[in-house]
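Examining the three-dimensional arrangement
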Amino acid sequence: MERTDKAGVRVRFAPSPTGHLHVGGARTALYNWLLARSQGGTFVLRIEDTDLERSTEQAIDQIVDGLQWLGLDWDEGPRIGGPHGPYRQMERAGLYAEKADGLLADRKAYRCYCSAEDLDAARSQAREKGEPYIYDGRCQRLDGDTEAVFREEGRQSVIRLRTPTTGNTVVKDLVHGEVSFENVLCGDFILVRSSGVPTYNFAVAVDDIAMGITHVIRGDDHLPNTPKQLMVMAAMGEEPPQYAHLPLILGTDRAPLSKRHGDVSVEEFREHGYVREALCNYLALLGWSFDGETTLFSMEELVEKFSLERVGSTAAVFDRVKLLWMNGSYIRDMEPIELAERLEEFLPSTRLAGLPGGEGRPEIADLVPLVQEKLKTLADFVELTDFFFLPVEFEEKALDKLLSNGEAPALLRVAAGIIAEVEPYSSEAIEAAMRKAAEDMQVKLGKFLQPVRIAVSGKMVTPGMFETLSVLGREESLRRIEHVLSKQFKGHS
RNA sequence: GCCCCCAUCGUCUAGUGGCCUAGGACACCGCCCUUUCAAGGCGGCGGCGGGGAUUCGAAUUCCCCUGGGGGCACCA
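Residues numbered from 1 in each chain as written. Chains lettered and ligands numbered in written order. Predicted model: local features only at pLDDT ≥ 70, side-chain atom pairs only at ≥ 80, totals over all residues. Heavy atoms only, no water.

Focus: the environment of Ile60
- Relative to the helices and strands, Ile60 resides in helix H2 (residues 57–70).
- Of the residues examined, Ile60 reaches a relative accessible area of 5% and is grouped as buried.
- When the C-alpha atoms of Ile60 and Pro83 are compared, they prove to be 21 Å apart, with 23 residues separating the residues in sequence.
- Once you skip the residues sitting within four places of it in the chain, Ile60 turns out to touch Pro17, Ile47 and Arg88. (Helix = DSSP H or I, 4+ residues; strand = E, 2+ residues; numbered from the N terminus. Buried < 20%, exposed > 50% of the residue type's maximum accessible area, 1.4 Å probe, protein only. Contact = heavy atoms within 4.5 Å.)

Shown next as structure tokens:
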């Protein structure tokens, strides 16, 4: 066990702003955040925008929004600053230039004047011969005069790191153990592009050191980059942080999770009615486990129980069905008031926008008790309750059922009678009266209620009928039943 | 092609040589409950990729194979 100053844990989530916050990125962020919070450490958000072509301002907003929605707050980073800022790499150009100059001065790095075309050619040639391409370091020993001539000619140059040609670089990884890479295979890689913009591996190494990062938790895809970053740090004479490379998240076909597998960004899950607790819980369990038995963890419990030691090394398939179940579980266990608030936030972006609580219409809070146990997503609320707010639209199957039921008109008249007279107009009283009526008529309750259900909602599936009639109100319930009796059954009986 | 990672039910996983006739969760299949649908309860189906080696004993250790994935850029 390495010496670790627990209170000094500093982790970072370092997304490149080239798209939405992918659930894979969200999981990486979550694990970093959990480690920081569980250790009383610091969670840093750093934007790696050195890819000028693909980075966008909009992507930064989306990532920031996504993290905030998930509840993963950062202690240092964009929007809030911090003692190690700025937190966008493009704003840290001075630092990289300074470090590059230092390496140049120490002869740990050198300028290379090879053109991109020459290198491409060499690369494809190597590939043809079936050999691995490794930069041959031809610019390593340029003498001052030659360099002066090149510069005179206006040739562009990049800065390369002088890398070891023997030995191995070993990554001590907290999830994979020791992983060894042969130095020869690496080649002198580029630190600074001819444009002056640092490459990823250089910027990351410089920043992880400069920001005092103690644990780098990131995706498995970065494992092969790690020896390069270690070389940069070694050249700068710095001690590297500890590393933990998380296995990838796969789609059901075991290919890396992508759009064609369905929703992949936290934004999409949010729009489709998922709650943050479920997404965090699910993501936490995708690669980490506590005891193999417990599956539901509140954020507090995750913070309390999370540890890198229990992060697995196997790539995991993203199971939407399980996430959906978990989402339903969280919705069911929520305080009704809390659920009402979530719906309050969610509904404005649906076709129910502005409807609940309006003139004579039920409030969200009135409906929550009727649907809470049926919801798997917040979006389900819309399908389940739209008839309370909108004119009844009959589902084809429901209408067929209703019209083909010869007893329906009679049953509906009995129901209408009860609705018109029952006192008080409460679900309990309605239930008592209807149960009795069913018994008196010697029909099963379900048979009695189904026509009512369809008449009042147009659907085969609704919340409990007594509660529904109660919330809908005496007038409206009657109106709907009468309407069916007079219009739909016109000429039938 | 080269380098690296990974391998337990369909899926997420527990399991660190004997407690394993392999445990839990989701899914699936029955049954119960029931005004529809869910939810819930009970029960069931289902797995250590293959081959060697070590050992009294291997899901657990080692090697090979196979399979999956990642990386080999003036992308991150």
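What to know about the side chain of Ser426
- Following the sequence through the fold, Ser426 ends up in the loop between helix H16 (408–421) and helix H17 (427–441).
- Judged by relative accessible area, which is 17%, Ser426 ranks as buried.
- Reaching out from Ser426, the side chain makes a polar contact with the backbone nitrogen of Ala429 at a distance of 3.1 Å. (Polar contact = N/O pair within 3.5 Å; in protein donor to acceptor, adjacent residues only side chain to side chain.)

Comments concerning the sheet that holds strand E4 (residues 158–161)
- Strand order in this open sheet of three strands is E3-E4-E7, and the pairing throughout is antiparallel. Each edge of the open sheet is held by one strand with a lone partner, namely strand E3 (109–112) and strand E7 (190–192). Direction aside, neighbouring strands of the sheet carry axes that sit 45° apart on average.
- Pairing of E4 with E7 involves two bridges; the strand directions are antiparallel. Among the inter-strand pairings, Arg160 is bridged to a residue of E7, identified as Ile190. (Pairing = 2+ DSSP bridges. Axes fitted to C-alpha atoms, helices over the stretch in contact; angles between N-to-C directions.)

Quick notes on the domain arrangement of chain A
- Assigned domains within chain A: domain 1 (6–78 + 201–248), domain 2 (96–192), domain 3 (260–387) and domain 4 (391–487).
- The gap between the C-alpha centroids of domain 1 and domain 4 is 58 Å. (Domains from an automatic or database assignment.)

Quick notes on the pattern of salt bridges
- Within the structure shown, the criterion is met by 29 salt bridges.
- The partner of Lys447 in a salt bridge is Glu407, with the nearest N and O atoms 3.7 Å apart. Taken together, the residues span a long stretch of sequence, with Lys447 in helix H18 (residues 445–457) and Glu407 in the loop between helix H15 (396–404) and H16 at a distance of 40 residues.
- Between Arg474 and Glu423 there is a salt bridge, with its nearest N and O atoms 2.9 Å apart. With Arg474 in helix H20 (residues 474–488) and Glu423 in the loop between H16 and H17, this residue pair connects regions lying 51 residues apart in the sequence.
- Salt bridges sharing partners connect three or more residues here, namely Arg12, Arg46, Glu48, Arg92, Asp207 and Asp208. (Salt bridge = Lys/Arg side-chain N within 4 Å of Asp/Glu carboxyl O.)

Concerning the protein's contact with RNA strand B
- Taken together, 64 residues lie near RNA strand B, and Thr50, Asp51, Arg193, Lys374 and Thr462 sit nearest.
- The sugar-phosphate share of atoms of RNA strand B within 4 Å of the protein amounts to 73%.
- Here Lys322 contributes a side-chain N or O atom positioned 3.1 Å from a base nitrogen of RNA strand B.
- Contact between RNA strand B and Glu373: a base nitrogen at 3.4 Å from a side-chain N or O atom of the residue. (Near = heavy atom within 4 Å.)

Focus: the pairing of strand E5 (residues 168–173)
- Residues Thr169, Val171 and Asp173 point to one face of E5 and are all buried, whereas Asn168, Val170 and Lys172, pointing to the other face, are not buried.
- Of the strand pairs in this sheet, E5 and strand E6 (residues 177–182) are connected by six bridges, and their pairing is antiparallel. Paired with Lys172 across the bridge in E6 is Glu178.
- Counting the residues in the hairpin turn of E5 and E6 gives three residues.

Digging into the nonpolar core
- With 108 residues, the main nonpolar core has Phe318, Met434 and Phe448 as its most contacted residues.
- Here this core gets nine residues from one element, more than from any other, and that element is helix H1 (residues 23–39).
- In this structure, Phe448 is in contact with Leu411, Val414, Ala415, Ile418, Met434, Ala437, Ala438, Met441 and Val443, ignoring residues within four places of it in sequence. (Core = buried A, V, L, I, M, F, W, Y, C linked by side-chain atoms within 4.5 Å.)

Side note on helix H13 (residues 364–371)
- Considered for burial, the residues of H13 that qualify are Ile364, Leu367, Val368, Leu370 and Val371.
- Looking at the buried residues of H13, the elements they touch are helix H12 (336–346), helix H14 (380–389) and helix H19 (465–472).

Looking at the packing of aromatic side chains
- For the structure on display, the rule yields nine aromatic pairs.
- Centroid distance Phe290 to Phe297: 6.2 Å. Interplanar angle 85°. Geometry classified as edge-to-face.
- With a relative accessible area of 29%, Phe290 lands in the partly exposed category.
- Phe297 sits in the buried class, given a relative accessible area of 2%.
- An aromatic cluster is defined as three or more aromatic residues linked by ring pairs; in this entry it consists of Tyr31, Trp288, Phe290, Phe297 and Phe306. (Phe/Tyr/Trp six-rings, centres within 6.5 Å; stacked < 30°, edge-to-face > 60°.)

Focus on the packing of H16 against H17
- At a minimum axis separation of 10 Å, H16 and H17 run at an interaxial angle of 145°. Between H16 and H17 the crossing geometry is right-handed. The segment H16 lies against H17, with Leu411, Val414, Ala415, Ile418 and Ile419 engaging Ala433, Met434, Ala437 and Met441. (Left-handed = near helix turned anticlockwise from the far one by under 90°.)

Digging into unusual backbone geometry
- In this structure, the amide linkage connecting Gly85 to the following residue, Pro86, adopts the cis form with an omega of -5°.
- With respect to the helices and strands, the residue Pro86 is situated in the loop between H2 and helix H3 (93–105).
- Of note, the bond from Glu423 into Pro424 is cis; its omega dihedral lies within 30 degrees of zero at -10°.
- Its place among the elements puts Pro424 in the loop between H16 and H17.
- The backbone phi angle of Arg79 is positive, close to 80°, even though this residue is not glycine.
- Even without being glycine, Gln442 reaches a positive phi, approximately 60°.
- Turning to its location among the elements, Gln442 is positioned in the loop between H17 and H18.

A few points about the side chain of Glu48
- Mapped onto the elements of the fold, Glu48 is located in the loop between strand E2 (42–45) and H2.
- Within the local environment of Glu48, its side chain forms a polar contact with the side chain of Arg46, the two groups lying 2.8 Å apart.

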